[in-house]
Amino acid sequence: MAVERVTVRDRSAFLHRADHRLLRGAALVGLLALWEALTRVGWIPALFLPSPLGVLRELWDMAASGQLVLHLAASLRRLLLGFGAGALAGVTVGIVTGFFARAEAVGQPLIAATFPIPKIALLPLLILWLGIGEPSKVAVIALGVFFPMAINTYAGVREADPLLVRAAVAFGAGRWSVIRKVILPSALPMIFAGLKLGAGTALLLLVAAEMIAADSGIGFLVLHAGNIMDTTRLMVGIVCLSLLGVLSHWALTRCERRAVPWRQAS
Amino acid sequence: MVEAAVIIDGSPARGKASLGLLCCGVPGMRVLVERLCKTYRDRSGHALVALDGIDLTVAPEEFVAILGPSGCGKSTLLGIIAGLSAATSGQVLFEGERRPGQPFTATVFQEFALFPWRTVQGNVEFGLEELGLPPAERRERSARFIAMTGLEGFEAKFPYQLSGGMRQRVGIARALAVDPAVLLMDEPFSALDAQTRTLMMEELLGIWERARTSILYVTHNIQEAVYMADRVVVLSRRPGRVLDTVPVDLKRPRHESQMGEADFLHASERIWGLIKSQAQAALVEGRG
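Residues numbered from 1 in each chain as written. Chains lettered and ligands numbered in written order. Predicted model: local features only at pLDDT ≥ 70, side-chain atom pairs only at ≥ 80, totals over all residues.

Colleague: Teacher, can you tell me more about the overall build of chain B here?
Modeller: In terms of helices and strands, chain B carries seven helices and ten strands. Looking at the 288 residues of chain B, the share that counts as buried comes to 42%. Long-range pairs, those at least 24 residues apart, make up 75% of the contacts in chain B with a sequence separation of at least 6. (Helix = DSSP H or I, 4+ residues; strand = E, 2+ residues; numbered from the N terminus. Buried ≥ 20, exposed ≤ 12 C-beta atoms within 10 Å, placed from the backbone. Contact = placed C-beta atoms within 7 Å.)

As structure tokens, this is what we get:
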């Protein structure tokens, strides 16, 4: 037998995942540059795909003329009202059905039965009930946010550590103390997951509602620009929507870090 | 001071009128566990007797350990005394002089059970909030017990930022802060490593000398029980019955060095003799 003397090497090295920060930025800038180049060369007509710089210029012009602010304000108002109402109702229903057995027995089958309905299909009904104005648009957004919020909050409440509930009771906590001081904080991470999910749904429903029946808002702007084949303007609308999505996610993440400080390390 | 005899979880009170026992030197409340039984039913309807006729007394300022092999229902017993679950029959009584607003029990849990969203101070103040104390008094009291348990400087930390030993200090401070008639401890140090556990045992004895609360301490560790307690109540394995009560005549304050003394070894051997066969049975069966 041969005598060996071997140094042990880290065989898991290829599993290491570095954080390529520079590459992240470069990919985004690269894509934009490629797009700009393609439109400049003239391979793609501006009617189909306007240049990024052109879109930026249009955005600037619309902002300067005040049009953009008008549309954005209308959309934001609907979004905030619908999102707020839906989230509040969802959290309440989630906590009540999660904590009280009777409410669970009544609420869970109802939620399970109505959750799969695509909310946009309810818009004509809502318009019939609430009129073509703002309330029907706000209501459809609220409905869309309500379900993920109720379902996530319910799950968060059910997942609350029974040991902590016992500990609270051992120290004299009653029903409402347990809900406020144990159940609610336990469910907070799930509530925030629901809020992020709901924000996406809200944006989707906002655009759909504004395309069906509105004379203001980003959804209207996009549809109208498409009808008159003003592709640059259409792209401005899309950029605004994507910014709204990114911003809402960022804001919710910041709120979460504030509200759930004990989760930071884990 | 209020004289009270309160029945926790009384099925028909068959016991004698216990107020007659109100006599002994130290003021405070004593705990009386009388013929306590707990039967669980599994899904197929089979009855599982966890506790069978437990009689037990904890005098004011006494340190009593409940010791038994796994599956003897000692945690169940503690839960019933704490009012966290119902007995099938029998009763738990508290009698004696109670300070106004003083809770009967406070519990220190095996897995600490700290609220992760509360800081050290917030955790210690939890019970005080439920007692309805004003903020200023909460702060004053929590500061006192944070100092007593060696947590000064950690007031604003969250539980995840603390080691196991420090977390259990918070658990102890939280329980002591409400000034309970009896402190219930459910294997409080079994989740800690051996060195930390030894240190925490010493520390708890020091705290107990200062706070002078009665303690009912559940453990499966014979050394731990003998080292700390005045009396060790030995329970049998399923169904849990009191096999014997072993008094420990070691002088206080106690030191580690006493673990070599004849009294210590004698008590330990006596307890081991009582539960050895039962522990073996538990071993064969797997989880108790």
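Colleague: I would appreciate a short explanation of the overall build of chain A in the present structure.
Modeller: Broken down by element type, chain A carries ten helices and zero strands. For chain A, the N- to C-terminal ordering of α and β elements is α-α-α-α-α-α-α-α-α-α. Overall, the C-alpha framework of chain A stretches about 85 × 70 × 35 Å when taken along its three principal axes. Residue burial in chain A is summarised as follows: out of 266 residues, 33% are buried. Across chain A, contacts joining residues at least 24 apart in sequence account for 71% of those joining residues at least 6 apart.

Colleague: Hey, could you run me through the packing of helix α7 (residues 162-170) of chain A against helix α8 (residues 175-212) of chain A in this one?
Modeller: Any two packed helices are characterised by how steeply their axes cross, that is the angle between the axes, and by the distance between the axes. Residue and element names in this part refer to chain A. It is the contact of α7 with α8, at a shortest axis distance of 10 Å, that shows an interaxial angle of 130°. Judged by the inter-axis angle, α7 sits oblique to α8. The handedness of the crossing between α7 and α8 comes out as right-handed. Mapping the contact onto sequence places Leu164, Val165, Ala168 and Val169 in α7 and Ser177, Val178, Lys181 and Val182 in α8. In the contact of α7 with α8, the residues fall into six nonpolar, one polar and one charged. (Axes fitted to C-alpha atoms, helices over the stretch in contact; angles between N-to-C directions. Parallel < 35°, antiparallel > 145°, perpendicular 65-115°, else oblique. Left-handed = near helix turned anticlockwise from the far one by under 90°. Nonpolar A, V, L, I, M, F, W, Y, C, P; charged D, E, K, R; others polar.)

Colleague: What am I meant to see in the nonpolar core here?
Modeller: Soluble globular proteins tend to pack their nonpolar side chains together in the buried interior. Among the nonpolar cores identified, the biggest contains 131 residues, and Leu216 and Val232 of chain B are the most heavily contacted of them. Excluding residues within four positions of it along the chain, Leu216 of chain B makes contact with Val31, Val58, Val64, Ile66, Leu78, Ile81, Val182 and Leu184 of chain B. (Core = buried A, V, L, I, M, F, W, Y, C linked by C-beta atoms within 7 Å.)

Colleague: Can you help me understand helix α3 (residues 135-148) of chain B in this one?
Modeller: Because each turn of an α-helix spans 3.6 residues, side chains separated by three or four positions in sequence point in the same direction. All names here are of chain B. The terminal C-alpha atoms of α3 lie 20 Å apart, and with 14 residues this matches the ideal 20 Å at 1.5 Å per residue to within 8%. Residues of α3 that are buried include every one of Arg138, Arg141, Ser142, Phe145 and Ile146, and no others. The buried residues of α3 all sit within an arc of 135° when viewed along its axis, so they share a single face. Projecting away from the buried face of α3 at angles above 90 degrees are the exposed residues Ala136, Glu137, Glu140 and Ala147. Buried residues in α3 make contact with α2 (120-130) and α4 (164-177). Gly150, located one to two residues past α3, shows a positive phi value of around 75°. (Expected span 1.5 Å × (residues − 1). Arc of directions from axis to C-beta.)

Colleague: Would you explain the sheet that holds strand β8 (residues 214-219) of chain B in this entry?
Modeller: Each strand in a sheet pairs with its neighbour through backbone hydrogen bonds, running either in the same direction (parallel) or in the opposite one (antiparallel). Residues and elements named next belong to chain B. Strand order in the open sheet made by the six strands is β6-β7-β8-β4-β9-β10, with mixed pairing throughout. Across the chains shown, the open sheet's two edge strands, defined by having one partner strand only, are β6 (105-108) and β10 (242-247). The mean inter-strand angle of the sheet, taken between neighbouring strand axes irrespective of direction, is 20°. Note that β6 and strand β7 (residues 182-186) share four bridges and pair parallel. (Pairing = 2+ DSSP bridges.)

Colleague: Just checking my understanding: could you explain the environment of Ser190 of chain B for this structure?
Modeller: Residues and elements named next belong to chain B. Take Ser190: it is sitting in the loop between β7 and α5 (194-211). Overall, Ser190 belongs to the partly exposed group, with 14 C-beta atoms counted inside 10 Å. When the C-alpha atoms of Ser190 and Glu155 are compared, they prove to be 24 Å apart, with 35 residues separating the residues in sequence.

Colleague: For this particular structure, what's the right way to read the pairing of β8 of chain B?
Modeller: In the case of a regular strand, side chains alternate between the two sheet surfaces. All names here are of chain B. The element β8 is extensively covered by neighbouring structure, given that six of its six residues are classed as buried. Relative to β8, strand β4 (residues 63-67) runs parallel, the two being bridged by five bridges. Across the sheet, residue Phe63 finds its bridge partner in β8, namely Ile215. Across five bridges, the pairing between β7 and β8 is parallel. Its bridge partner being in β8, Asp186 is matched across the sheet by Val218. With respect to chirality, the unit in which β7 leads through α5 into the neighbouring parallel β8 is right-handed. (Right-handed = clockwise from strand over helix to strand, strands pointing away.)

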